[in-house]
Amino acid sequence: MATKPGPLSRWPWQDLGNYKYALLAPWAARSTYRFVTSGSGERDLLGFAVLPVLLLRLLYSQLWISVSRHQTARSKHRIVNKSLDFDQVDRERNWDDQILLTALLFYMVNAAAPVAQAVPWWNSKGLVVAALLHVGPVEFLYYWLHRALHHHWLYSRYHSHHHASIVTEPITSVIHPFAEEAVYFALFAIPLLTVVGTGTGSVVVANGYLVYVDFMNYLGHCNFELVPKLLFDVFPPLKYLMYTPSFHSLHHTQFRTNYSLFMPLYDYLYGTLDKSSDDLYERTLHGREEAPDVVHLTHLATPDSVFHLRLGFASIAAAPLAAAAARLRLLRAAAPLACRLTSLLGTTFRSEANRLDKLSIETWVVPRYTSQYLSKDGLYAIGRLIEKAVADAEASGAKANELNRNGELYVIRKPNLKTKIVDGTSLAVAAVLHMIPQGTKDVLLLGDASKVSTVLASALCEREIQVQIVDKDLYDCLKQELRPKLHNHLLLSSSYSSKVWLVGDKLTDQEQRKAKAGVHFVPYSQFPPEPARDDCVYHSTPAVVVPGSLENLHACENWLPRRVMSAWRAAGIVHALEKWDAHECGARVTGVDKAWRAALAHGFRPYDRHGAAGVAKQQE
């Protein structure tokens with residue numbers, strides 16, 4: 001909200017949440033009924049088009065969000081190289097309010113003015129009238145209104161809410177207090193009401209004008225330059241008629257320049273043009289290549305998780321999966337289509353770009369799902385994708401490439417690989433040790449044999465904590481892997497009496513029912529168990545709180561809360577910060593204590609939603 005919210009700052013339906021769309025129901029039902037029951041020559045085309053156009057604008061806006069975030073993650077043409085945070089995401093989550101307002105006003109005007117109920121699909125005269133009115137009154141009045149909004153009284157009560165976003169995204173363009181947005185709509189209504197009142201209106205012109213305003217608004221608030229210079233070379237006067245993202249970004253960074261709506265003409269006329277506009281446009285259009293220091297390779301867990309990506313729905317991505325569950329359920333019908341589309345992608349794509357001190361960090365998504373790892377054909381295809389991603393990371397100059405799964409195959413194939421592959425086992429085990437309650441003498445280890453379970457069992461035995469195992473295959477496997485002197489602390493047992501259970505991916509409800517009240521379930525995999533007991537304690541998956549200096553982090557990682565990162569992902573960052581010249585993949589292990597101390601030294605902090613004081617605390 002603005003620093004000193006003025007009258008009518010709150011949107012009328014602010015407390016309704018997503019139920020605000022119920023306000024449209026009676027109007028949509030009325031217009032649909034009238035359209036169906038009227039004769040072909042009497043149908044109200046403009047009123048009937050309101051709902052489909054609203055849905056189209058919502059989809060259109062979301063596409064701008066996704067494309068913009070993908071481009072800024074690539075970073076080459078980024079304009080403002082500053083951090084976008086969770087506060088901005090929260091502030092801009094009501095970007096659809098202006099679309100809802102437009103629909104409601106269209107319905108009301110249409111119902112009140114019979115002349116609006118008889119407009120045809122198309123009228124070329126209306127297009128000319130709307131264009132002239134926009135270039136003249138709308139742009140001119142907006143320019144002076146915008147300058148007035150930068151006066152201290154109005155700025156502090158209204159416009160400062162919009163300017164709280166220094167790093168703009170397309171939807172930043174429509175983030176205003178209600179009163180300010182209502183005034184803007186009054187300006188944009190000048191062409192619309194005029195063409196209707198003069199009998200030159202049409203469905204295409206009325207709704208096309210809205211799409212034009214959306215397009216120019218979103219274009220100007222992108223944080224990357226995308227307007228080709230060829231347009232200005234072919235038609236030089238265009239520089240007075242069309243702004244660019246870099247042009248408007250200067251208004252958000254300098255505040256007292258570049259006030260124009262979409263046409264810089266008025267800044268030229270009244271001397272408010274920022275002198276660096278042309279230079280910034282040239283520089284950002286040319287771009288700059290930024291080689292990542294760390295590439296985090298991840299994949300999609302379930303079809304729903306595609307909507308939780310940073311590139312997807314911003315407000316959903318900014319909340320843990322559990323908190324976003326209700327909104328994700330609404331999108332579940334579209335999940336199969338999203339799954340199919342992402343599976344067609346033949347390469348990884350950049351999802352996120354962060355910075356920690358001088359370290360550049362990127363997240364690349366392998367467009368495959370967990371279920372596809374379980375089939376032979378799927379695993380082969382995924383292997384090819386990951387191998388290509390490792391090669392791309394190597395070519396881009398990455399120092400560390402963090403993998404969710406062991407990457408020894410790539411090291412064997414390319415022994416001279418300069419990029420270091422880090423599977424994150426050491427830090428993940430250290431995070432698990434930290435969640436084990438202090439004073440624990442024995443634990444029950446459940447799950448499949450894996451690198452993490454082996455290193456975890458070894459670390460526990462070295463700390464003289466007895467590791468009980470009920471699965472003989474797991475026991476035999478660990479006994480072969482552990483040094484003989486640690487075997488005394490490894491026990492094959494049929495008892496489930498331990499107060500601490502270290503669990504992998506496949507903990508069943510039946511197994512959970514065998515636990516006594518008060519048992520601590522501590523996951524050592526990236527997937528937390530589904531809670532089946534109210535009388536037990538469920539800990540987080542291995543994770544750490546990131547340093548405050550980690551920039552541009554505004555999406556949650558799966559079920560983890562804000563500014564908490566999985567230990568596997570953090571391990572690659574720590575590895576690069578320490579400049580360790582060795583891989584951690586296959587049988588290679590960095591060292592549990594070594595990784596933990598390095599993470600703490602660089603500002604990472606232990607995370608556990610229950611705050612258990614673990615045995616690793618002794619190593620801090």
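Cut-offs and rules
- Residues numbered from 1 in each chain as written.
- Predicted model: local features only at pLDDT ≥ 70, side-chain atom pairs only at ≥ 80, totals over all residues.
- Heavy atoms only, no water.
- UniProt positions renumbered as here; feature names shortened; annotations may be inferred.
- Phe/Tyr/Trp six-rings, centres within 6.5 Å; stacked < 30°, edge-to-face > 60°.
- Helix = DSSP H or I, 4+ residues; strand = E, 2+ residues; numbered from the N terminus.
- Buried < 20%, exposed > 50% of the residue type's maximum accessible area, 1.4 Å probe, protein only.
- Lys NZ or Arg CZ within 6 Å of the ring centre and 35° of its normal.
- Pairing = 2+ DSSP bridges.
- Contact = heavy atoms within 4.5 Å.
- Axes fitted to C-alpha atoms, helices over the stretch in contact; angles between N-to-C directions.
- Parallel < 35°, antiparallel > 145°, perpendicular 65-115°, else oblique.
- Left-handed = near helix turned anticlockwise from the far one by under 90°.
- Nonpolar A, V, L, I, M, F, W, Y, C, P; charged D, E, K, R; others polar.
- 1 Å grid on protein atoms, 1.4 Å probe; cavity = no way out; pocket = protein on both sides within 12 Å on 5 of 7 lines; lining within 4 Å.
- Points joined across faces, edges and corners; volume = space filled by probe spheres on them.
- Core = buried A, V, L, I, M, F, W, Y, C linked by side-chain atoms within 4.5 Å.
- Polar contact = N/O pair within 3.5 Å; in protein donor to acceptor, adjacent residues only side chain to side chain.

The name given to the chain in an unreviewed UniProt entry is aldehyde oxygenase (deformylating), with Urochloa decumbens as the source organism. Listed in UniProt under the heading Catalytic activity (unreviewed entry), the comment for the chain reads: "a long-chain fatty aldehyde + 2 NADPH + O2 + H(+) = a long-chain alkane + formate + 2 NADP(+) + H2O". Among the UniProt annotations of the chain, the heading Sequence similarities (unreviewed entry) holds the following wording: "Belongs to the sterol desaturase family."

Caption draft 1: Main features of the packing of aromatic side chains. What the rule picks out here adds up to 25 aromatic pairs. Ring geometry for Tyr-143 versus Tyr-259: centroids 6.2 Å apart, planes at 90°, classification edge-to-face. Separated by 116 residues along the polypeptide, Tyr-143 in helix 5 (residues 124-149) and Tyr-259 in the loop between helix 11 (245-254) and helix 12 (265-270) bring together distant segments of the chain. Taking relative accessible area as the criterion, Tyr-259 reaches 4% and is therefore assigned buried. The interplanar angle of 25° and the centroid separation of 4.9 Å between the aromatic rings of Phe-521 and Tyr-538 together place this pair among those described as stacked. Of this pair, Phe-521 sits in strand 10 (residues 520-523) while Tyr-538 sits in strand 11 (residues 537-538), and the two are 17 residues apart along the sequence. Of the two residues, Phe-521 and Tyr-538, both sit in the buried class. The side chain of Lys-239 reaches across the aromatic face of Tyr-240, ending 5.9 Å from its centre. Across from the ring centre of Trp-580, 4.8 Å away, lies the NZ or CZ of Lys-594, which sits over that ring.

Caption draft 2: How the structure looks around the sheet that holds strand 11. On the basis of which strands lie adjacent, the open sheet formed by 6 strands has the order 8-7-6-9-10-11 and parallel pairing. On the outer flanks of this sheet lie strand 8 (490-492) and strand 11, each paired with one strand and no other. One ladder, built from 2 bridges, connects strand 10 with strand 11; its direction is parallel. Residue Phe-521 lies in a different strand from strand 11, and its bridge partner there is Tyr-538. Here helix 21 (residues 472-481) sits on the sheet in contact with strand 6 (442-445), strand 7 (466-469) and strand 8, set at roughly 155° to strand 8.

Caption draft 3: Broad picture of the packing of helix 5 against helix 8 (residues 203-220). The geometry of helix 5 relative to helix 8 is characterised by a closest axis approach of 10 Å and an angle of 40° between their N-to-C directions. Considering their axes alone, helix 5 and helix 8 lie oblique with respect to each other. In the packing of helix 5 onto helix 8, the handedness of the crossing is right-handed. Facing helix 5, whose interface residues are Gly-126, Leu-127, Ala-130, His-134 and Val-138, helix 8 presents Val-205, Tyr-209 and Tyr-212. Of the residues belonging to the contact of helix 5 with helix 8, the class tally is 6 nonpolar, 2 polar and no charged.

Caption draft 4: Inspection of empty space enclosed by the protein at higher detail. Evaluated as defined, the whole model comprises 5 cavities of 30 Å³ or more. Of the voids in this model, the largest cavity is the one considered here, and its volume is about 310 Å³. In terms of lining residues, the largest cavity is bounded by 26 residues, among which Ser-173, Glu-181, Phe-188, Val-213 and Asn-217 are the most central. Sorting the residues of the lining of the largest cavity by element identifies helix 4 (97-112), helix 5, helix 6 (152-163), helix 7 (178-197), helix 8 and helix 11 as the ones contributing at least two each. Across the lining of the largest cavity, the residue classes break down as 11 nonpolar, 12 polar and 3 charged. Its volume calculated, the second largest cavity comes out at about 60 Å³. Every residue lining the second largest cavity is listed: Val-422, Ser-426, Leu-427, Ala-571, Val-574, His-575, Trp-580, Glu-584, Thr-590 and Ala-595. Put simply, the parts of the chain that give the lining of the second largest cavity at least two residues each are helix 19 (425-435) and helix 23 (567-578). The biggest single contributor to the lining of the second largest cavity is helix 23, with 3 residues. Among the residues making up the lining of the second largest cavity, the classes are represented as 6 nonpolar, 3 polar and 1 charged.

Caption draft 5: Spotlight on the pairing of strand 2 (residues 349-356). Among the 8 residues that make up strand 2, 6 are buried, leaving the element largely enclosed by the rest of the structure. For strand 2 and strand 13 (residues 550-551), the ladder comprises 2 bridges, and the chain directions are antiparallel. In the strand pairing of strand 13, Leu-356 is matched with Leu-550.

Caption draft 6: Local environment of the nonpolar core. Counting residues in hydrophobic clusters, the biggest one holds 58 residues, and the most contacted among them are Leu-24, Leu-46, Trp-95, Phe-106 and Phe-188. Those elements that provide at least two residues to this core are helix 1 (25-37), helix 2 (45-74), helix 4, helix 5, helix 7 and helix 8. With residues up to four places along the chain from it excluded, the contact list for Phe-106 reads Leu-46, Val-50, Leu-192, Ala-206, Asn-207 and Leu-210. Within the second largest apolar cluster, 57 residues are counted, among which are Val-452, Leu-486, Val-546 and Trp-568.

Caption draft 7: Highlighting the side chain of Lys-451. For Lys-451, the location among the structural elements is in helix 20 (residues 451-462). In terms of polar contacts, Lys-451 uses its side chain to reach the backbone carbonyl oxygen of Arg-588, at 2.7 Å.

Caption draft 8: Highlighting the packing of helix 11 against helix 13 (residues 277-286). Contact geometry of helix 11 with helix 13 gives a least axis separation of 8 Å together with a crossing angle of 125°. Relative to helix 13, helix 11 is oriented oblique. Between helix 11 and helix 13 lies a crossing of right-handed hand. Packed against helix 11, whose contacting residues are Ser-246, Phe-247, Ser-249 and Leu-250, the element helix 13 presents Ser-277, Leu-280, Tyr-281 and Thr-284 at the interface. Taken together, the residues of the contact of helix 11 with helix 13 sort by class into 4 nonpolar, 4 polar and no charged.

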